[in-house]
Amino acid sequence: MGESRTYNGKELRGYLVGMLGQNLIYNIVATGLYFYFQNVICLPAMALGWIFAFARVWDAINDPMMGTIVDKTRTKWGKCRPYLIIFPAIIGIVTILTFINGNYALASSQSQKVLIVAWAAVSYVAWGMCFTVCDIPLWGITSLMTEDENDRSKILGLARIVAGIGGIGVLVVQVAQVISGIFSKDLDINAANYSELLAKANQKGFIITVIIMTVVASILFEFAGLFTREKVEQSEKKYGFIDNFKIMFRNKPFRQILISGILRSPIQLLMLIAMTLITYYYANGDFMNVIGENGINFAIVLRLAIIAVSVFAGQFIAMGITPALIKKHEKKSLYNFYSVAGAVPFAFIYIFFKISGGDVYTNIIWVLLIGLCFLFAGAAMGGINVLQSVMIADCVDYEEYHNGVRTDGVFFSGQSFITKLSGGIASIISAIAYNIVGYSDKAIETLNGALKQGASFITYDGGSGAGKYAATMFFLISIPPAIGMLLSAVPTAKYAMSDKEHSRILDELVAKRAKSNND
């Protein structure tokens, strides 16, 4: 067998820095923009749901198209690097533009409201298309940087960990609220137009924060294009868009992963709703509540820390250990274990919420129990994310071995396809639920003002126990994801490619490439 070509330390570090920047941008938009549209400029719940759903579904369709373009690209830099060099600056500009909008709750006419919704829709769709141009090459280049299976698992495992670290982009919400506090600190809380003035201050804080964070993230993203190199030969065969769809769906193991990912769509509700839930339920609508009249409110800090650390720690731990587990256990078995076992902590989030009477805040025991649920649910998500990337990379080898074509861009567009289509489905589920309970447009502006004037989000609807908004959020991040996790194990129960078979395929491919180079 010939010697495998692989990346060096500089290339690995450059790739991971770029991955960090890309995921900072992703989380600024995936979590921050949703929060901004919903709770700052107060778009109607159904409008918000349809905007996100349409954009994600279009992105899902657009991804294989971009994958086809990547696979047809031929330059001296390779087929993925040109996009990673050119587009980080462009995606940075478009990211900022998505936050430059009017405030729906404050609009004085129907025409203004229509324009605000239209700008939100157009800018978000444009962002998704630009992000796809960067996302497909960023993941696709991993199978071009190395022929070594262990090195591939290593870079994909590290990439998932770094992507998780990029999750700090969700802190755009907290940072923006701190900045907003500078503009709202002198407002008269008893003024008749207090809610309106507060809304303007919140919006200004968000825009300033997004500009600063996005510029930094875009610079980091540029590293992936500048410091990586493509070392695996590109296939000479070229296929059109329709042909590439046929290639994806005839590849049985890839088809199973694709269907499994779509069935798991409800777990995206956690990403959509977590920041709103944490902000409103555990910080009563504003992270500045951590600093009270008598100094730091350590009760809020402790609860926020338990929940936030649990969500991220579970993912990091699983992403860190999964590459090692892959060496000892069958990928299919690990994947299905994470899916089935992960459903349990998701379900118990809502079970504990109901048992506690809707108050998993006051008693620290309930906070700890919910934190444990988030820890294990996050671990299941982190492990699945690593395995999904590795298994898709295996599918690229499978296709090259059986059909003589290596369509890296198309197959890794499937990973993006899963994420974005899942996000669209989750957006519609949340929109319907929020619309039913009235968590929408003007009602949210009123809620924000009421919380500033002393109301409690936990009992905001005026009844005893949990308010309907809190109950809806806990339900959405619990029961639908639990069902989705269970269903996702069905298509992969009889996965079509064993690890033993993949090792044989990869060995033969490496030997074939070495022979071709020697000839």
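Residues numbered from 1 in each chain as written. Predicted model: local features only at pLDDT ≥ 70, side-chain atom pairs only at ≥ 80, totals over all residues. Heavy atoms only, no water.

## Comments concerning the environment of glutamine 388
Okay, so step 1: Relative to the assigned elements, glutamine 388 resides in helix α14 (residues 364–403).
Okay, so step 2: Residues glutamine 388 and lysine 331 lie 57 residues apart in sequence; the distance between their C-alpha atoms is 9.3 Å.
Okay, so step 3: Look past the residues within four positions of glutamine 388 in its chain and what remains in contact with it is Arg160, Ile257, Arg264, Gln415 and Ile418. (Helix = DSSP H or I, 4+ residues; strand = E, 2+ residues; numbered from the N terminus. Contact = heavy atoms within 4.5 Å.)

## Looking at the environment of leucine 302
Okay, so step 1: Within the element layout of this structure, leucine 302 appears in helix α12 (residues 298–328).
Okay, so step 2: You can call leucine 302 partly exposed: its relative accessible area is 41%.
Okay, so step 3: Spatially, the C-alpha atoms of leucine 302 and arginine 229 are 45 Å apart, while their sequence positions differ by 73 residues. (Buried < 20%, exposed > 50% of the residue type's maximum accessible area, 1.4 Å probe, protein only.)

## Digging into the pattern of salt bridges
Okay, so step 1: Under the criterion given, the structure shown has 7 salt bridges.
Okay, so step 2: Note that glutamate 399 and arginine 250 form a salt bridge whose closest N and O atoms lie 2.5 Å from each other. Here glutamate 399, found in helix α14, pairs with arginine 250, found in helix α9 (residues 241–250); they are 149 residues apart in sequence, far enough to count as distant.
Okay, so step 3: Exposure remark for glutamate 399: the relative accessible area of 1% places this residue in the buried category.
Okay, so step 4: Residue aspartate 286 pairs with lysine 452 through a salt bridge whose shortest N-O separation is 2.6 Å. Taken together, the residues span a long stretch of sequence, with aspartate 286 in the loop between α11 (268–283) and β1 (291–292) and lysine 452 in helix α16 (residues 441–452) at a distance of 166 residues. (Salt bridge = Lys/Arg side-chain N within 4 Å of Asp/Glu carboxyl O.)

## What about helix α13 (residues 331–355)?
Okay, so step 1: Taking 1.5 Å of rise per residue, 25 residues should cover 36 Å, and α13 covers 37 Å from first to last C-alpha, within 8% of that figure.
Okay, so step 2: Just downstream of α13, glycine 357 is the residue with a positive phi angle, here 80°. (Expected span 1.5 Å × (residues − 1).)

## Side note on unusual backbone geometry
Okay, so step 1: For cysteine 42, which is not glycine, the phi dihedral falls at a positive 60°.
Okay, so step 2: By the element assignment, cysteine 42 lies in the loop between α1 (9–40) and α2 (45–72).
Okay, so step 3: Notably, aspartate 441 is not glycine yet its phi reads approximately 25°, a positive angle.
Okay, so step 4: Examined against the element boundaries, aspartate 441 turns out to sit in helix α16.
Okay, so step 5: With relative accessibility at 23%, the residue aspartate 441 sits in the partly exposed group.

## As for the nonpolar core
Okay, so step 1: One finds Tyr15 and Tyr281 to be the most contacted residues of the largest nonpolar core, which totals 156 residues.
Okay, so step 2: With 19 residues, α14 is the largest single contributor of residues to this core.
Okay, so step 3: Here tyrosine 281 is in contact with Thr276, Phe353, Gly358, Asp359, Val360, Tyr361, Phe457, Ile458, Ala470 and Phe474, once residues within four sequence places are set aside. (Core = buried A, V, L, I, M, F, W, Y, C linked by side-chain atoms within 4.5 Å.)

## Considering the packing of α1 against α2
Okay, so step 1: One way to put it is that α1 packs onto α2 with a least axis distance of 10 Å and a crossing angle of 155°. In terms of orientation, α1 lies roughly antiparallel with respect to α2. Mapping the contact onto sequence places Tyr26, Ala30, Leu33, Tyr34, Phe37 and Gln38 in α1 and Leu48, Phe52 and Arg56 in α2.
Okay, so step 2: Of the residues in the contact of α1 with α2, the class split is 7 nonpolar, 1 polar and 1 charged. (Axes fitted to C-alpha atoms, helices over the stretch in contact; angles between N-to-C directions. Parallel < 35°, antiparallel > 145°, perpendicular 65-115°, else oblique. Nonpolar A, V, L, I, M, F, W, Y, C, P; charged D, E, K, R; others polar.)

## Considerations on a nonpolar patch on the surface
Okay, so step 1: Among the surface-exposed residues, Ile182, Phe183, Ile208, Ile212 and Val216 lie close enough to one another that they form a single nonpolar patch of about 430 Å² accessible area.
Okay, so step 2: Among the elements of the structure, α6 (172–184) and α7 (194–221) are those that each provide at least two residues to the nonpolar patch.
Okay, so step 3: Residue contributions to the nonpolar patch peak at 3 residues, all from α7.
Okay, so step 4: Take valine 216: it is sitting in helix α7.
Okay, so step 5: Among the residues examined, valine 216 registers a relative accessible area of 44% and is labelled partly exposed. (Patch = residues over 30% accessible without salt bridge, like charges linked within 9 Å, V, L, I, M, F, W, Y side chains within 5 Å. Areas by Shrake-Rupley, 256 points an atom, 1.4 Å probe, with all protein chains shown as cover.)

## Observations concerning α11
Along an α-helix, a turn takes 3.6 residues, which lines up residues three or four apart on a common side.
Okay, so step 1: Under the 1.5 Å per step criterion, the end-to-end length of α11 is 22 Å for 16 residues, consistent within 8% with the ideal 22 Å.
Okay, so step 2: Its maximal kink placed at alanine 274, α11 deviates by approximately 40°.
Okay, so step 3: For α11, the buried fraction is high: 15 of the 16 residues fall into the buried class.
Okay, so step 4: Phi turns positive one or two residues past the end of α11, at asparagine 284, with a value near 55°. (Bend = angle between axes of the 7 residues up to and from the residue.)

## A closer look at the packing of aromatic side chains
Centre-to-centre distance and the angle between the planes together describe a pair of aromatic rings.
Okay, so step 1: Per the counting criterion, the structure on display carries 26 aromatic pairs.
Okay, so step 2: Ring centres of tyrosine 36 and phenylalanine 37 lie 6.2 Å apart, and the angle between their planes is 45°; this geometry places the pair in the tilted category.
Okay, so step 3: On the basis of relative accessibility, which here comes to 0%, the residue tyrosine 36 falls in the buried class.
Okay, so step 4: Taking NZ or CZ as reference, lysine 204 lies 4.9 Å from the ring centre of phenylalanine 183, over its face.
Okay, so step 5: The ring of tyrosine 361 is capped by arginine 303, whose NZ or CZ atom sits 4.9 Å from the centre of that ring. (Phe/Tyr/Trp six-rings, centres within 6.5 Å; stacked < 30°, edge-to-face > 60°. Lys NZ or Arg CZ within 6 Å of the ring centre and 35° of its normal.)

## Regarding the packing of α7 against α16
Okay, so step 1: Between α7 and α16, the least distance of the axes is 9 Å, while the angle of their chain directions is 100°. The orientation of α7 with respect to α16, classified from their angle, is roughly perpendicular. Seen from α7, the contacting residues are Tyr194, Ser195, Glu196 and Leu198; seen from α16, they are Glu445, Asn448, Gly449 and Lys452.
Okay, so step 2: Across the contact of α7 with α16, the residue classes tally to 2 nonpolar, 3 polar and 3 charged.

In short, geometric facts, not functional conclusions.
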